[in-house]
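Spelled out from the first residue to the last, the chains are:
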Amino acid sequence: MSKQKQFTIEEKANVIFRLKKGEKNSNMANELGIGHSTISIIWKARDKIEQEFQNEKLSVKKFRNCTHTDLDNVLLRWFKNQRNLCIPINGSIFQQKTNELAEGLGKHNFNCWTGWIQRFRARHNIVFSTINGKSKSVNTKITKNWLEKVWPKLREGYTDDQIYNADKTRIFYRMLPNRTLKFKGEKCSTGKMSKERLAVLVSASITSKKMKLIIIGKSRNPQ
């Protein structure tokens, strides 16, 4: 049986701070390696936790202060470089790199822990987010030039109601869910997932006028 993770009052206060900023429960749970229910319990007790936080004289201002400004600066530069290269950075990678940089600065007794990372993130507005694999491949210069010079000529003579965007998707209408409720200790397995699907064309105008779905089924005379 795994040992339940314990949080300091400072760490709990930071969880509440991030929730108030709009971060998702699920993202924080995945990052911190805890269940969604733990985040919910902290949120429900936010009034008591915030009062205890204030009683310990850990104001938000002090919460954001840094006692290792040289390490903070070096780490921030490294993080910016990694993000410019679109390299994903999770909590464990961040923690390991922080310790490596601290060692290089002669801080041999420094040990990066969760609270230090959370304060660093709060200082520099760093959040945990899901990666979008396609957005980085878009050349913004090309799209900007197309929107400014090509698009106005293409849409001449058409109203917004007459301009549609369409895309194809698939509906696996016979596929069962890949998660299920089960009895504790029960082996959870299933047969081969159904791959039967329908190709669907979805289309809508600039003014959000939706067209009826176009379904592509099986050919009566497949080749």
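As the structure is a prediction and not an experimental result, all values here were calculated from the model.

Parameters and conventions
Residues numbered from 1 in each chain as written. Predicted model: local features only at pLDDT ≥ 70, side-chain atom pairs only at ≥ 80, totals over all residues. Heavy atoms only, no water. Helix = DSSP H or I, 4+ residues; strand = E, 2+ residues; numbered from the N terminus. Buried < 20%, exposed > 50% of the residue type's maximum accessible area, 1.4 Å probe, protein only. Contact = heavy atoms within 4.5 Å. pLDDT = per-residue confidence, 0-100. Phe/Tyr/Trp six-rings, centres within 6.5 Å; stacked < 30°, edge-to-face > 60°. Lys NZ or Arg CZ within 6 Å of the ring centre and 35° of its normal. Pairing = 2+ DSSP bridges. Axes fitted to C-alpha atoms, helices over the stretch in contact; angles between N-to-C directions. Parallel < 35°, antiparallel > 145°, perpendicular 65-115°, else oblique. Nonpolar A, V, L, I, M, F, W, Y, C, P; charged D, E, K, R; others polar. Left-handed = near helix turned anticlockwise from the far one by under 90°.

Attention shifts here to the overall build of the protein. Check the secondary structure of the protein and you find nine helices and three strands. Seen in sequence order, the protein has helices and strands lined up from the N terminus as α-α-α-α-α-α-α-α-α-β-β-β. Split into buried and exposed, the 223 residues of the protein put 23% on the buried side. For the protein, the share of sequence-separated contacts (at least 6 apart) that also reach a separation of at least 24 residues comes to 60%.

Here we take up the confidence of the model for the protein. Summary statistics for the protein give a mean pLDDT of 80 and a share of 80% for residues scoring 70 or more. Across the protein, the element-wise mean pLDDT spans from 49 in helix α5 (residues 60-64) up to 92 in strand β2 (residues 198-205). Between residues 58-62, whose pLDDT stays under 50, and residues either more than four places distant or in other chains, the model counts five contacts.

Moving on to unusual backbone geometry. A positive phi angle, close to 75 degrees, is found at Ser 208, a residue other than glycine. Within the element layout of this structure, Ser 208 appears in the loop between β2 and β3 (214-216). Residue classification places Ser 208 among the exposed residues on the basis of a relative accessible area of 56%.

The tally for this structure, following the rule as stated, stands at six aromatic pairs. Ring plane angle 80 degrees and centroid distance 5.5 Å describe the contact between Phe 110 and Trp 116, whose orientation is recorded as edge-to-face. There is no split in this pair, since Phe 110 and Trp 116 are both buried. Within the aromatic cluster, the residues linked to one another by ring pairs are Trp 78, Phe 79, Phe 94, Phe 110, Trp 116 and Phe 120. When the ring centre of Trp 43 is taken as origin, the NZ or CZ atom of Arg 46, which lies over that ring, is 4.1 Å away.

The sheet built from three strands is open, its strands ordered β1-β2-β3 with antiparallel pairing. With one partner strand each, in any of the chains shown, β1 (164-171) and β3 form the two edges of the open sheet. On average, each strand axis in the sheet is tilted by 20 degrees relative to the strand beside it, whichever way the strands run. Where β2 meets β3, three bridges bridge the pair, whose relative direction is antiparallel. By the bridge assignment for β3, Leu 201 is matched with Ile 214.

Okay, the packing of helix α1 (residues 9-20) against helix α3 (residues 36-44) next. Closest axis-to-axis distance for the α1/α3 pair is 10 Å, and the angle between their directions is 90 degrees. Taken as axis vectors, α1 and α3 run roughly perpendicular relative to one another. The residues of α3 that touch α1, namely those facing Lys 12, Val 15, Ile 16, Leu 19 and Lys 20, are Ile 39, Ile 42 and Trp 43. A per-class count over the contact of α1 with α3 returns six nonpolar, no polar and two charged.

On to the packing of α1 against helix α2 (residues 25-32), then. Interaxial distance between α1 and α2 falls to 10 Å at its minimum, and their mutual angle equals 145 degrees. Of the two elements, α1 crosses α2, and the hand of that crossing is right-handed. Note on element contacts: α2 touches α1 through Asn 25, Met 28, Glu 31 and Leu 32, opposite Val 15, Arg 18 and Leu 19. Counted by class, the contact of α1 with α2 contains four nonpolar, one polar and two charged residues.

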